[in-house]
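So you can see what is in the structure, the chains are spelled out below.
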Amino acid sequence: MIRVGIVDDHQIVRSGLRQFLSDHVDIRVEGEASNGREAIDLIRTHDIDVLVMDLSMPGQSGLDAMGMLRAKAPDMGILILSGYPEEQYALNLIRQGASGYLNKDCDPKQILEAIRVIALGKRFLTPAVADLLAQQLHRPSDAPLHEQLSDREMQVFLKLARGATVSDIGQALSLSVKTVSTYRTRLMEKLNLASNSDLTYYALKQNLID
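Rules used throughout
The residue count restarts for each chain, going from 1 along the sequence in the order it is written. Note on the predicted model: pLDDT of at least 70 is required for a residue's local features to be given, and 80 or more for side-chain atom pairs to be given and counted; whole-chain, interface and lining totals, by contrast, use all residues. In computing side-chain properties, one takes all heavy atoms of the structure into account and sets aside hydrogens as well as water. Think of it this way: any DSSP run of H or I at least four residues long counts as a helix, any run of E at least two long counts as a strand, and we number them from the N terminus. Only C-alpha atoms enter the radius of gyration; for comparison, a globular chain is expected to reach 2.2 Å times N to the power 0.38, where N is the number of residues. Classification of residues uses two cut-offs on accessible area relative to the type maximum, computed with a 1.4 Å probe and protein chains only: under 20% is buried, over 50% is exposed, and between them is partly exposed. Two residues qualify as a contact provided that any one of their heavy atoms is within 4.5 Å of a heavy atom in the partner residue. Think of it this way: Lys and Arg go in the positive column, Asp and Glu in the negative one, and His and the chain ends go nowhere. Every charge is mapped to an atom, namely NZ of Lys, CZ of Arg, CG of Asp or CD of Glu. One side-chain nitrogen of Lys or Arg within 4 Å of one carboxyl oxygen of Asp or Glu is enough to make a salt bridge. Between the first and last residue of a helix there are one fewer steps than residues, each counted as 1.5 Å, and that sum is the expected span.

Undergrad: Teacher, can you tell me more about the overall build of the chain here?
TA: For the chain, the helix and strand inventory stands at ten helices and five strands. For a compact globule of 210 residues, the expected C-alpha radius of gyration is about 17 Å, and the chain comes in at 19 Å, within 12% of that figure. Across its three principal axes, the chain shows a C-alpha extent of roughly 60 × 35 × 30 Å. Within the span of the chain, comprising 210 residues, buried residues form 44% of the whole. Partitioning the contacts of the chain with sequence separation of at least 6, the portion at a separation of at least 24 is 62%. Distance between charge centres in the chain, computed from 23 positive and 27 negative side chains, equals 2 Å.

Below, the structure written as structure tokens:
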């Protein structure tokens, strides 16, 4: 029996997942949580094999809770089920300890497959995520990370590194704040960086800005 926990801030999503998973005899839903803090409480009080967790939630997000969840339950599988495209977050989250990443638009059968694979102690990689990993593996080891940025990502990167805000960049490049934020997320992932100060340090070190 695979013991599953569901973490999502939308009750209708949790209810739908619970009902869907309950139709399968090898899976039992042990409990639910609506944010990262509740997820931590959930694994303290229940034995969970696989935690199915959203990323964007009020209070403590799935991203914020990842480190604590890993510390509290190092052997537990964590399947991220998010509305964000795989290329934005998947690799970074897998590096942080997620066992798999699926977009909420996926075929429900993929969720089942992922839970069963992760319950065996393995990682679940969709073809898209596997391709992203392969691209990183085939990149020359001595090539600077910023060489994999697109032209637009490079523009956003250099402006962020010089201290521009997302709003400033949006105005300068005639892009929405949401679009600029998406570019920022992608380039942070590609450069393995976590903050704007990291971006500035990287750019200075690579002599990309004065």
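Undergrad: What is the right way to read the pattern of salt bridges from this model?
TA: Side chains that carry opposite charge are capable of pairing whenever their charged atoms lie near each other. Taken as a whole, this structure holds ten salt bridges when the rule is applied. Measuring nitrogen to oxygen at the nearest pair gives 3.0 Å for the salt bridge that ties Glu 32 to Arg 14. Of the two residues, Glu 32 is situated in strand E2 (residues 27-33) and Arg 14 in helix H1 (residues 11-22); the sequence distance between them amounts to 18 residues. Judged by its relative accessible area of 11%, Arg 14 falls in the buried class. Among the charged side chains, a network of salt bridges with common partners joins Arg 3, Asp 47 and Asp 49.

Undergrad: Explain the environment of Arg 162 to me, please; I cannot follow it from the model alone.
TA: Positionally, Arg 162 belongs in the loop between helix H7 (151-161) and helix H8 (166-173). Residues Arg 162 and Leu 173, eleven residues apart in the sequence, show an inter-C-alpha distance of 15 Å. If near-sequence neighbours (up to four positions away) are discounted, Arg 162 is found in contact with Leu 208 and Ile 209.

Undergrad: Whenever I open this one, helix H9 (residues 177-191) confuses me. Can you help?
TA: What sets the pattern is the α-helix's 3.6 residues per turn: residues three or four places apart point alike. An ideal rise of 1.5 Å per residue puts 21 Å on 15 residues; H9 measures up with 21 Å between its terminal C-alpha atoms. Every buried residue of H9 is accounted for by Val 180, Thr 182, Tyr 183, Thr 185, Leu 187, Met 188, Glu 189 and Leu 191.

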